[in-house]
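What follows is the residue order along each chain.
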Amino acid sequence: MSEVDRRRFLLTAGAVLGAAALPLRAAADTVQLPFANGERPLVAFPQKRPLILLTPRPPQLETPFAVFDDGVYTPNDAFFVRWHLSNIPQTVDASAHRIAVSGEVNRTLSLSLDDLAAMPQVEVTAVNQCSGNSRGLFTPRVAGGEWGNGAMGNAVWTGVRLRDVLDRAGLKASAKQVQFDGLDAPPLPATPDFKKSLDVDVARGDDVIVAYAMNGAALPVLNGYPVRLIVPGWFATYWVKMLSTITVLDHADDNFWMKTAYRIPDTPDNSVAPGATGYPTIPINRLRVRSFITNFVDGATILHVAFPSQLQLRGIAFDGGSGIKRVEVSGDGGTTWIDAVLERDYGKYSFRRWNASVPTRQGTSTYTLAVRATANDGSTQPMTPGWNPSGYLRNAVETYKVTVA
Amino acid sequence: MTKHALIVLTCTALLGASALAATKVAPPKGTATISLPGDAGMAFKPGPGVGPVQANCLTCHSSAYISTQPVLTKAQWNAEVVKMKNVYGAPIADDQIPAIVDYLTTNYGKP
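Each chain carries its own residue numbering, running from 1 in the direction its sequence is written. For naming, the first written chain is A and the first written ligand is 1, with later ones following in the order written. A pLDDT threshold of at least 70 governs which residues receive local features in this predicted model, and a stricter bar of 80 or more applies before side-chain atom pairs are shown or counted, although totals over entire chains, interfaces and linings include all residues.

**As for the overall build of chain A**
Working step 1: Counting from the N terminus, the helices are the DSSP runs of H or I reaching at least four residues and the strands are the DSSP runs of E reaching at least two. Secondary structure summary: chain A contains five helices and 26 strands in total.
Working step 2: What you see for chain A is a C-alpha radius of gyration of 22 Å, in line with the 22 Å of a compact globule of 405 residues.
Working step 3: By its C-alpha atoms, chain A is 75 × 45 × 45 Å across when sized along the principal axes.
Working step 4: Using C-beta atoms placed from the backbone, we call a residue buried if 20 or more other C-beta atoms fall within 10 Å of its own, exposed if 12 or fewer do, and partly exposed for counts in between. Looking at chain A as a whole, 51% of its 405 residues qualify as buried.
Working step 5: Residues are defined as contacting one another if the C-beta atoms placed from their backbone atoms lie within 7 Å. Within chain A, contacts between residues at least 6 apart in sequence are counted, and of these 68% link residues at least 24 apart. Here the radius of gyration uses the C-alpha set of atoms, whereas the globule reference equals 2.2 Å times the residue count to the power 0.38.

**Considering the nonpolar core**
Residue and element names in this part refer to chain A.
Working step 1: Remark: nonpolar core denotes a set of buried Ala, Val, Leu, Ile, Met, Phe, Trp, Tyr and Cys residues whose joining runs through C-beta atoms within 7 Å. Ranked by size, the top nonpolar core spans 122 residues in total, and within it Trp157, Ile209, Val210, Ala211, Leu229, Ile230 and Leu369 carry the most contacts.
Working step 2: Residues within four places of leucine 229 in sequence aside, it is in contact with Phe180, Val210, Tyr238, Trp239, Val240 and Leu243.
Working step 3: Within the second largest apolar cluster, five residues are counted, among which are Leu137, Phe138, Val272 and Trp387.

**What to know about the interface of chain B and chain A**
Working step 1: In this assembly, 44 residues from chain B lie in contact with 56 residues from chain A.
Working step 2: Of all the secondary-structure elements, those providing two or more residues to the side of chain B that touches chain A are β1 (6–8), β2 (31–33), α3 (64–67) and α4 (74–86) of chain B.
Working step 3: Following the grouping adopted for this structure description, the nonpolar residues are Ala, Val, Leu, Ile, Met, Phe, Trp, Tyr, Cys and Pro, the charged ones are Asp, Glu, Lys and Arg, and the polar ones are all others, Gly among them. Across the side of chain B that touches chain A, the residue classes tally to 25 nonpolar, 15 polar and four charged.
Working step 4: The sheet contact formed by strand β6 (residues 91–93) of chain A and β2(B) spans three bridges and is antiparallel. Across the sheet, A:Asp93 pairs through a bridge with B:Thr31, a residue of β2(B). We treat two strands as partners when DSSP finds at least two bridges between them.

**Regarding the packing of α4(B) against helix α5 (residues 97–108) of chain B**
Residues and elements named next belong to chain B.
Working step 1: Fitting a line to C-alpha atoms yields each axis, with helices limited to the stretch in contact; the angle taken between N-to-C directions then spans 0 to 180 degrees. Relative orientation of the contacting elements α4 and α5 amounts to 130°, with a least axis distance of 9 Å. Relative to α5, the element α4 lies oblique. In this structure, α4 crosses over α5, and the sense of that crossing is right-handed. Between α4, through Lys74, Trp77, Asn78 and Val81, and α5, the contact on the second element is made entirely by Ile97, Ile100, Val101, Leu104 and Thr105. Working definition: roughly parallel below 35 degrees, roughly antiparallel above 145 degrees, roughly perpendicular at 65 to 115 degrees, and oblique for all remaining angles. Helix crossings fall into two classes, left-handed where the near helix is turned counterclockwise from the far one by less than a right angle and right-handed where it is turned clockwise.

**Some details on the sheet that holds strand β8 (residues 109–111) of chain A**
All names here are of chain A.
Working step 1: What the five strands build is an open sheet, ordered β8-β7-β15-β11-β12; its pairing is mixed. Bordering the open sheet on either side are β8 and β12 (195–199), each of which pairs with just one other strand. Each strand axis lies, on average, 20° off the axis of its neighbour in the sheet, ignoring direction.
Working step 2: Of the pairings in the sheet, the one linking strand β7 (residues 99–103) to strand β15 (residues 243–249) comprises four bridges and is parallel in character. Bridge pairing in β15 places serine 102 opposite threonine 247.

**Looking at the confidence of the model for chain B**
All names here are of chain B.
Working step 1: Across chain B, pLDDT averages 85, with 79% of residues at or above 70.
Working step 2: Counting contacts from residues 1–22, a segment whose pLDDT is below 50, to residues more than four positions away or on other chains yields 36 contacts.
Working step 3: Across the interface, the model reports ipTM at 0.89; the global pTM reads 0.91. Scored from 0 to 100, pLDDT reflects the predictor's confidence in each residue.

Structure, rendered in structure tokens:
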């Protein structure tokens, strides 16, 4: 199936709801992610079009990369899904939902969605990217969720500032971190419940919101209905879904998901040599600058390009919240670079779309396309990927070998 | 306040800067129900040791958590099983661990 046909199929099939009840043999198609053991079925889960199924229980669904060529926003029914614990509520009553706020506060709160509706409404366009996005591309490979590049998405998030919620409760001087918990629960009593924490100054940031809408609609259940935390510029592990409990701590959170999991090496570029031990670690934090070509896949053959001609490239770039300053493309694997033209700015946390042209040679020829973004904070993408044992933070320059005929 | 990234909706409506922000988005009301597909028909490969693997691993997650891994060595599979027991609290009997590790290495790994 060609990429265009596949996209057409996905768009059509996306209208069919409830197909996830079917067993896998009914899956309409498969995709091959670009690494060993990367074959995956496309399966439509509830409220979702067919997505790349990593694991059904707990659900982990990857966005087919062609979706990122469709527009700056990732549609709700195509947005990636990642849960840690299999005990997920399948019925959630938004009208009965409450967010409990307690701990180092002057007043404990129990907020309904109506309470949130009465507070100042804000919106932010922001990329939500899994810490382990692209883990399957690590060399040497690491165990974990073996994602391609599609464990990310960009959406408009609407809700209220977390700071307004915290101020309503009133933080005590002893407040150090703010811990977030959702309705999902461990399958066994001994399994650590999934909770994440932010330092108070991060939690009180202008752009951190408690969101009840995504792209102008209710959140899909699998993306955290009825309300989730949005931490623009930070990895998705902090964007707690089905947010139900906010606990203000007087200490650095030492629960498993902060103290042991989701840690990165505290080393230059947060990289270590494979097999290294004994280095200090810190909690994962902000996104690293990345960019992708969205209109060609690696290995593509591009037909009927007249000579002399330009190969038209387009794609996306994003970073951890300084915004994209520059995108460059290369037709020779990074030896020479050509500036791309940036499209409209939807905000410093958003995908930034870009367009560029690469000159072609006469006759059939192979090109190694590459794209490199530079953020306003000066950070850019390395040509050689870093490595860490958890498979986080991948942001190397992506290359795409294509044949133009 | 961040100029571009975060806009109070009342201001945005006045400026007409965003179609999405032109009307206030109300929080959802009512119940949303989904029906998840369980293991979606996925299963472990048959073979010696599959019994304790099914009995222990499937308590918390589908077989795809294992079948999608890169080729892991016996030592790596052993580390995964020990992590499931010691970190995630899986009640795996110690005398079942060798059979589980052997099964995983044979079917989803390399010696």
